[in-house]
Every structure is written in structure tokens, then in C-alpha cells.
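Now for the letters of each chain:
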Amino acid sequence: MSAVFRPYSASDALRSDRSAGDRLRHREKIRDALKENIAEIVAEESILTRGSDRIVKVPIRGIKEYRFVFGEGSPRVASSGDGEVQKGQVIGQDQQDGQAGNGPGPGGDRPGVDYYETDVTIDELVDLLFEDLQLPDMERKKLREIEVDHGTKRLGYRRSGIRVHLDKKRTLKSKIRRKVATGPRDTAGGIAAGPVPTHLKGQSSASVGDDQRFPFHKEDLRYRRRVPDVRPESNAVVVCIMDTSGSMDVMKKYLARSFFFLLYQFVRSRYQTTELVFVAHHTQAREVDEEEFFSKGESGGTMISSGYRKALEIIQDRYHPSLWNIYAFHCSDGENFSSDNTEACNAAQELCDVCNLFGYGEIKSEAEYFGATSMRKVFERLDAENFHAVVIDDREDVWPSLKAVLSKERVDPEQEGAG
Amino acid sequence: MERMYQTSDLEAWDEKIREKVEAFGLTCYDQEFEICDHTQMLGAMAYHGMPAHYPHWSYGKSFERQSTLYNHGAAGLPYEMVINASPSLAYLMSQNSLCLQILTIAHVYAHNDFFRNNATFKYTKAGSVIPSFKARADRVRAYMEDPSIGINRVEPLLDAAHALSMQCSRNPAIRKLSQEEQRARAVAGAEPPVDEYRKIHKRPEYVEPDLSRVPLEPDEDILLFIRDHQPRLSDWERDLLTIVHEESQYFIPQMETKIMNEGWATYWHREIMNSLDLPQDIYLEFLVRHNQVVQPIAGDINPYHVGLKVWDDIKRRYDEPTDEEIARHGKPAMTGHEMMFALRETDRDSSFLRRFLTEDLCGELGLFEFQSQDGSLVVTETTDEGDWKTIRETLLRSVGTASLPVIKVEDADYDQNGTLLLTHAHDGRNLHPGYAEHSLAHVYQLWGRPVVLRTAHDGDEQTWCYDDEGFREAD
């Protein structure tokens, strides 16, 4: 019997990340699993509370390795060491987490829900969402860019123009060029000697005749060219309008929140700057901050038009449609004072005119279906391409609804042609 | 204060330990120690310690899981990792203290001795373990890189094969009969037994044995059976099935002797450490570490703890038997160590515990049986108030391969349409239906024809089918 010691070598250790390939493959599998369950995942509470580091923990059902195993009911044995266990005593909860089997043999011997959390950044998640939307990249660029006039900028030179744009230096240069070109030919020797430097040429021509005037000609004049400076801007604002009346309970707000969050993420990924505006309304509307928007409950009736008017007002003041891409979304439980319906409809029409997209989400629980008023019916009259109304019953509906809404986004006709 | 040490210090200690190992009568393969950092250790763990192993995503998963647990402090790393090969290969973590390294080296030699001498390991071909793992890895990589095969075909096949890898013969010492032997046995079995009173008895009718049946006798090696009887598999697919089968055959002895083996190594590292005349600081640290290793784990069996207790008890019974024991079993014919060395050659966990886990030991270990009832784990049997034999039987059914259901191939042409009939030998424990469903899907994937599994659920006969329409329960 002999023994060999192989000492530790740091450089070997660096090269020895042998599981890298298998880890990558596993990650890919997780990604696929994420993609499959994306609708469930985005409805999870955890991703809505975005932390500063923007990393969220997403519970996924692990990629399980199945084999024939015994069910949970089978008795097991454990040692307590001190013997202080009595018959019938409850020693814990059946967690059913996928416990790896003892021993070096492959695989576990006990079933379990292989549930674990994985860290995903919001951006990764949004990427996955896009993959789920199945928008090819080409199409994703088809956002409505707004052209903003920044005055004019210089772009090259031209032969005609107004006096103030005259470029004296270039004009003089072109005159000299013309003079050299049209001047008297030198002797044959001069040509043979090759091109003569300009300053010598000038001397020689001066020696030929100083009194020979060579005036500026119209052809010599060079003007700076100025073109209008139009830059595409991509600013977007998401206007979140929510009914905060008494009938909106916690669950409904939560669904609304999921919806707004996703909409915001979607818009944010496509524009350089994205802003958020929160409008809360019952019979009156006001602009609030995010926290208040989602947390505060109020009571009272509902006048949807008040919310729309407020949104229109804010848009008019701060987010002019010629400079901003506007996405407005309204979540409500569909109850409205019937006297307000016409007004709400008109306001909605106006919103459609200024927005890229105006969505209306009606959050209902099944019990309320019958006999409840529905704004969706009212909005059916609305005549706008970029309006979309959806019904959200449950968390699983959030993502499909958003998908449906986003498919309606208005695309400028010429850009559509270009795309 | 922590002592600094060099590889040369370890070699010096190793020298002393080996003297003790030989003095105690342990006989080992040559030993190699590889000093590694924790990332390498995690890497080695993911691949069962093998220096070369074929790639599969499950090992990446296992690595991620281990490293997450480790980085969050939820689990430490094992002090030692030793593989059954000749020469044996063990990893030592460079961050460990000198005391831990000495402890680990002593522990490793005892494992090495166990690998070399235990009957269960007789068929693992220790001399060629590392080269054959390497050869398998090369083959799998070659299939993955082959443009006509590729990882996208290799991976699902490995997934399916892994699902069935433990459905194989569990005891390599029981020789599998060849086709001819099975046939001869079937023919012999059909002959009526010799009857001394055949003159007065009615002549028994001779029943022709059905020799066309495949398999003649139920076959436990599902992967090999599919490899040999599924005509549509290509060569590389057959090879992958062989690879997975061979690998699980290699690991089965370790599963089968987990408690014995860890107990044996813990017993000997304690003996060696106690005899080494260690400096005081190292000795004190050793006592702390040793006690950590043999702590009972809440709600589970710690093989170091249980194994050590049983070995200690065997030694006590043979060296200093109580009067009661002498009265019951007579005076022991061997010394404690002689008995221990004999057992380490012949036994495996199931036989070891059945023979030597006594009622007193059960009480001392505080063994109890528990069961999941409506989401809670409820104690159903304790040594003090209940039947300790029930507890022992339950324990025996959870060690090694006894924790896995026995499923055999019954008929490859069930219903005369190429359906594969599997039977589960129900022993009171139900199959996990969800897992069974997915596992059947894997059998179907490999067999390519419908698969039927006969099992029972709480006493009711059940037949589960998997075919192109998916899983269903047949009536």
C-alpha cells in the first residue's frame, strides 16, 4: 500500500470548471420551463414588488428527474438520539421538497415537488415575455417614433443659397481652382515637369500680367447647406388610470397592479425614456404617486369620465402627443353611474385619438357577472383601432389579456410600410 | 489558532496513519489524495467523484443545488470524498484545518479497506473504474458531437435511461441465468415431481412449457431488456443504455453498504486518531469534529451515527458480553475485532442491521417510525412503547436498494401486439402515481410500443398503461 499526494494547484482549479457545460444546459432547461409557465409567473406577487436591484425570485417547478419511487404514505425511520419521542407526536410537516437521496448513487429515492427559486432580472423576464409574444425583432422596432423639430443643422455645401450662408473660404478656393484651370498654358517643359505647385503657378501668372483681373463668377459661389433637423424621439408615458371606488377590493387592485406592471415593463423595454403617471378616480380624479395608487382604498361611487378627463388634462399639460408615445390603461370593475356613460365614452374617444394604445381592463369576479353593469358594453360603440377592452377574472388571465391588448397597438402607416 | 501546514506535513501524518492502518490489520488499495478547493469539491460531488464522467444536465443541476446550499450555509461540504477504485482516489479540501485533514485521511483508509474487502464490491472491477468511466464519457461525447446524432437526441435518451437506471438486479452476486439455462429450468420445471406412489396415483398431465415466452423468467434489468429486445434501437442508443446500466451497477454496492461503510470508517478514524498521540489542540478539535459527524439528524438516519453505534455494540458483545448475552448466545468464539473484520467482508446494510440492530440499540439510538398523515409527519412507532421489530423492518426497507420498488419485465409481447408488460412486486408500499406516470412515459419512449404496468394501490389491483395517447388507468 502506498499513498500519493497531488498538491493543490490554483491554475488547475481555474481550468477545472467541468460542470460549466452541464450547468448551462440546465439553465437552458430552466429558461424553457420559465417560458412555459410565464403566465403563472408574472401573476406572482413577488415580481411586482420590484426591488432596487431589480432581481426577482421566481419560483419554478424544477426540471424533475423521474423514476419509480414509493409514494408519501410509506413509513420511514429516524433516530432521535435522546429518545424523547412519543407515539402520535407530530414531528413536522410533510414538506415534500425534493430531497436528494443519500449515498453516492445517482438520484433521490424519495418523491418531492422539485420546487425551487431562481434569480431572474426583470429584464430577463421581459425578454422571455417578448419571446412568448413571438414578435420577431424586426417588428419590435416598429415603434412609433415621433419626429421632433430641433431647428436646422448644417449638411454639406451647395451652389445656390441666400447671402448669409455664403462660405467665403470655399468660394475663394473654387475661384482659384477655376483660375488655374482656365489660365494660359505653360511651356511644354512645364507640363513635362509635372504639376506645378499652386503658389508657384500664382507667381507665374502674376508675372504674366498683374493687371489681368480674374473676378468672382457666379459659379464660384458656395453656400452652406442647412437642412431641417428632425430627430426621432422615443419617449413614452404610461398613464395608469384606476378606479379606486369602494367596489375595488384588494384582489381586484392586485390584478390591476399586475396589469400595469406588465404594461410598464413592455413599454419601458421599447423606449429610451418611459414615465409613469398614476390617476386614481372615484367620482373625482386626482394624480397620485405609485404607493398611494395601489394601496389606498376609497369609497363611493364611480364616474369613469372623471378619470379620463384628468388623464387628458395631464397629457395636454406635460405629455403632448407630438412628443410622447402615450399608453393609457384603465382598470375598473365596470361599474359606473349610468348618467356618466356617454361622457365616459366621449372622453375615451378623445384618449384614443392621442394615445398609441388605450386599453380598458374590466376586473370581475365570477359572482358579479350577472346583473352588474358593464362598461364594456358601453365601449362597444367606440370607434378606434387602438382601443382594446379585456376582461380579467383571475391572475392567469393577466398575461393573455395583455397580449391581446398589445396586439392592437397603433402603428403609423408609413412606418408600417417601412418595417 | 489555526495551524498552517504544507503538503509535506500531510505526507508526514499520512506516513504515521498508514503505520496504524497496517497495525490494525486494514488492507487497502493504493491511495491517491487530490488536494482541491471547494469549487472543485462541488464539481467532484456533482459527478459522484469521478475524474471523468459523461455530461448531462442533471449534473449541472446537482452542482447548482449543492453550491447554493453551500453558499447559503445550509449545508457544509463533506470532509472527504473517496471513490471505489484501485488505486483509490480521495479528495481533500485545501481550506480544511490540519486536524480535519488528518481525520479525513484516517477515514479514507478505512473506506478504502472496506471497498477492497467487502463482498458487495467484488464485482466492481476496481482496477479499471476510472478508465472505464473515462471511456464511457468519451463515447457519450462522441455521440453528442456526431452530426448525425447530436445532443438533442442523446439527451432525451439519457433522461429516459436515468429514469430506469435503478430498475436492475440489485445483487451482482446472484448470477443472471443465460437464455439456455432459463430454458433448461423451464423444461425441468414442467416435469411432474417424482412421486413415490405413482403406481396408485393418477398420472399427472404433462404441461408443455411455454418456451416462446419472452422473457422466460421475469427480468429485473429493464434497460438491458429493452436494449436486447427492442429492434428499432440504433447502435448508439443501445450503447447509451449499456453505459447507464453499467454505471448504476457500479454505484449499487455503495448504496447497499452506506451505513456499514460509514460506520466502519468512523470507527477506524476514531481508533486511529486516538492512537496517534496527537498534539492537544488537534486532539481537542478532533473530538469536536467527531461529535459533529456522529450527531443524529432530525427526522432522518445519520449513517455515521447509526453505523458507528452498531459496530461499537458488536465489539462490545464479543469482547465484554453481558451475562444475559452469554446465557442467550453462549460465550463468543471470536474477539470483537475478529468478528468485525469478518462482517466487513460478508455483510451488507440489510443483513448487518437485521443481525445486529438489537432492541437495546434501537432504544439507545432512539429509533422511531413515522409516517405522513394529512400533511403532517406523525410518529407511529417508538422503541419504548412500540414494537422495535416493526421499526427495524421499516428501517431495513429504507436502506440501499430496498428503498426502491422492484419492477420486472413480465412479457415483451403482451396481448400479442408488442406491448411491454411490467409488474411491480407490491410489498405494502404504493408507487408514487405521478412519478410512475412520468417514468412509464420514459419506458414508452425507449420501448416504442405501449407499456403496461401492473401494480396495486392500497390493496387494489391496478393496471396503468402508457401508449401514444398518453397515460391512463386500465380497468
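Residues numbered from 1 in each chain as written. Chains lettered and ligands numbered in written order. Predicted model: local features only at pLDDT ≥ 70, side-chain atom pairs only at ≥ 80, totals over all residues.

Caption draft 1: Representation of the overall build of chain B. Helix and strand counts for chain B stand at 18 helices and ten strands. Here the C-alpha coordinates of chain B stretch approximately 80 × 70 × 50 Å along the principal axes. When each of the 475 residues of chain B is scored for burial, the buried share is 41%. Long-range pairs, those at least 24 residues apart, make up 70% of the contacts in chain B between residues at least 6 apart in sequence. (Helix = DSSP H or I, 4+ residues; strand = E, 2+ residues; numbered from the N terminus. Buried ≥ 20, exposed ≤ 12 C-beta atoms within 10 Å, placed from the backbone. Contact = placed C-beta atoms within 7 Å.)

Caption draft 2: Looking closely at the overall build of chain A. Counting its secondary structure elements, chain A contains 15 helices and 13 strands. A separation threshold of at least 6 residues defines the contact pool for chain A, and within that pool the share at least 24 residues apart is 80%.

Caption draft 3: Spatial organisation of the packing of helix 4 (residues 98-117) of chain B against helix 11 (residues 280-293) of chain B. Residue and element names in this part refer to chain B. Between helix 4 and helix 11, the least distance of the axes is 9 Å, while the angle of their chain directions is 65°. Once helix 4 is placed against helix 11, the crossing between them reads as right-handed. Within the contact between the two elements, helix 4 uses Leu 98, Cys 99, Leu 100, Ile 102 and Leu 103 and helix 11 uses Ile 282, Glu 285, Phe 286 and Arg 289. (Axes fitted to C-alpha atoms, helices over the stretch in contact; angles between N-to-C directions. Left-handed = near helix turned anticlockwise from the far one by under 90°.)

Caption draft 4: Examining the domain arrangement of chain B more closely. Along its sequence, chain B is organised into domain 1 (7-118 + 257-289), domain 2 (299-401) and domain 3 (403-474). One C-alpha centre belongs to domain 2 of chain B, the other to domain 3 of chain B; they are set 35 Å apart. (Domains from an automatic or database assignment.)

Caption draft 5: Region of the structure containing the environment of Asp 427 of chain B. Here Asp 427 of chain B lies in the loop between strand 7 (419-424) and helix 18 (433-447). Through-space distance from the C-alpha of Asp 427 of chain B to that of Pro 405 of chain B is 8.6 Å; in sequence the pair is 22 residues apart.

Caption draft 6: Here's a closer look at the pairing of strand 11 (residues 325-332) of chain A. Residues and elements named next belong to chain A. A large share of strand 11 lies buried, amounting to eight of its eight residues. Here strand 11 shows no split at all, with Asn 325, Tyr 327, Phe 329 and Cys 331 on one side and Ile 326, Ala 328, His 330 and Ser 332 on the other all buried. Bridge count between strand 8 (residues 235-243) and strand 11: seven bridges; the pairing is parallel. Within the sheet, the bridge partner assigned to Ala 236 lies in strand 11 and is Asn 325. Note that strand 11 and strand 12 (residues 357-363) share six bridges and pair parallel. Of the residues in strand 12, the one forming a bridge with Phe 329 is Gly 359. Handedness of the crossover joining strand 11 and strand 12 through helix 12 (residues 341-354): right-handed. (Pairing = 2+ DSSP bridges. Right-handed = clockwise from strand over helix to strand, strands pointing away.)

Caption draft 7: Inspection of the sheet that holds strand 9 (residues 460-467) of chain B at higher detail. Residue and element names in this part refer to chain B. As summarised here, the arrangement of the five strands in space is 6-7-8-9-10, forming an open sheet in which the pairing is mixed. Each edge of the open sheet is held by one strand with a lone partner, namely strand 6 (407-414) and strand 10 (470-474). Across the sheet, the mean angle separating the axes of adjacent strands is 25° when strand polarity is ignored. Judged from the four bridges that link them, strand 7 and strand 8 (residues 451-457) form a sheet pairing that is parallel. The residue bridging Leu 422 from the neighbouring strand is Leu 453, located in strand 8. Helix 18 contacts strand 7, strand 8, strand 9 and strand 10 of the sheet and is inclined by roughly 45° relative to strand 9.

Caption draft 8: Structural view of the pairing of strand 9 of chain B. All names here are of chain B. One ladder, built from seven bridges, connects strand 8 with strand 9; its direction is antiparallel. Residue pairing for strand 9: Val 452 is matched across the bridge by Cys 465. Here strand 8 folds back onto strand 9, and the loop between the two strands holds two residues, one of which, Asp 458, carries a positive phi near 50°. Taken together, the five bridges between strand 9 and strand 10 define a ladder with antiparallel strand orientation. Paired with Asp 467 across the strands is Gly 470, a residue of strand 10. Between strand 9 and strand 10, which follow one another and run antiparallel, lie two residues.

Caption draft 9: Inspection of the interface of chain B and chain A at higher detail. Facing 84 residues of chain B, the contacting portion of chain A comprises 58 residues. Looking at the side of chain B that touches chain A residue by residue, the classes come out as 34 nonpolar, 34 polar and 16 charged. When strand 4 (residues 90-93) of chain A meets strand 5 (residues 376-382) of chain B, the two strands line up antiparallel, connected through three bridges. In the sheet register, Val 90 of chain A faces strand 5 of chain B, and the bridge partner there is Val 378 of chain B. (Nonpolar A, V, L, I, M, F, W, Y, C, P; charged D, E, K, R; others polar.)

Caption draft 10: Looking closely at the sheet that holds strand 2 (residues 80-83) of chain B. The strand order 1(A)-1(B)-3(B)-2(B) describes an open sheet built from four strands, whose pairing is mixed. At either margin of the open sheet sits one strand with a lone partner, and together these are strand 1 (3-6) of chain A together with strand 2 of chain B. Averaged over all neighbouring strand pairs, the angle between strand axes comes to 20°, with direction disregarded. The pairing of strand 2 of chain B with strand 3 (residues 88-93) of chain B spans four bridges and is classified as antiparallel. Bridge assignment links Met 81 of chain B to a residue of strand 3 of chain B, and that residue is Tyr 91 of chain B. The sheet contacts of helix 1 (residues 7-24) of chain B involve strand 1 of chain A together with strand 1 (31-36) of chain B, and relative to strand 1 of chain A the element is tilted by about 160°. Of the strands in this sheet, strand 1, strand 2 and strand 3 of chain B touch helix 2 (residues 38-46) of chain B, which is tilted by about 140° from strand 3 of chain B.

Caption draft 11: Molecular detail of unusual backbone geometry. Residue and element names in this part refer to chain B. A cis amide bond, omega -5°, links Ser 86 with the succeeding residue Pro 87. In this fold, Pro 87 is placed in the loop between strand 2 and strand 3. At Lys 125, a residue that is not glycine, the phi angle is positive and equals roughly 50°. Topologically, Lys 125 is positioned in the loop between helix 4 and helix 5 (129-145).

Caption draft 12: Broad picture of the nonpolar core. All names here are of chain B. In terms of nonpolar packing, the biggest core is built from 75 residues, with Met 41, Ala 90, Ala 106, Tyr 109, Trp 264 and Trp 268 touching the most fellow members. Of the residues that make up this core, three or more belong to each of domain 1 (7-118 + 257-289) and domain 2 (299-401). Every residue in contact with Ala 106, bar those within four places of it in the chain, is listed here: Ile 17, Trp 268, His 269, Ile 272 and Met 273. (Core = buried A, V, L, I, M, F, W, Y, C linked by C-beta atoms within 7 Å.)

Caption draft 13: Region of interest: the confidence of the model for chain A. All names here are of chain A. Mean pLDDT over chain A stands at 72; residues scoring 70 or higher make up 65%. Helix 5 (residues 137-140) is the least confidently modelled element of chain A, averaging 38 in pLDDT, while helix 6 (residues 168-182) averages 91, the highest of any element. Across residues 96-114 the pLDDT falls below 50, and counting only partners more than four positions away or on other chains, this stretch makes 51 contacts in the model. For residues 187-194, every residue scores under 50 in pLDDT, and the model assigns this stretch two contacts once sequence neighbours within four places are set aside. (pLDDT = per-residue confidence, 0-100.)

Caption draft 14: Region of interest: the environment of Asp 458 of chain B. By secondary structure assignment, the location of Asp 458 of chain B is in the loop between strand 8 and strand 9. Along the primary structure Asp 458 of chain B and Asp 313 of chain B are separated by 145 residues, whereas in three dimensions their C-alpha atoms are 38 Å apart.

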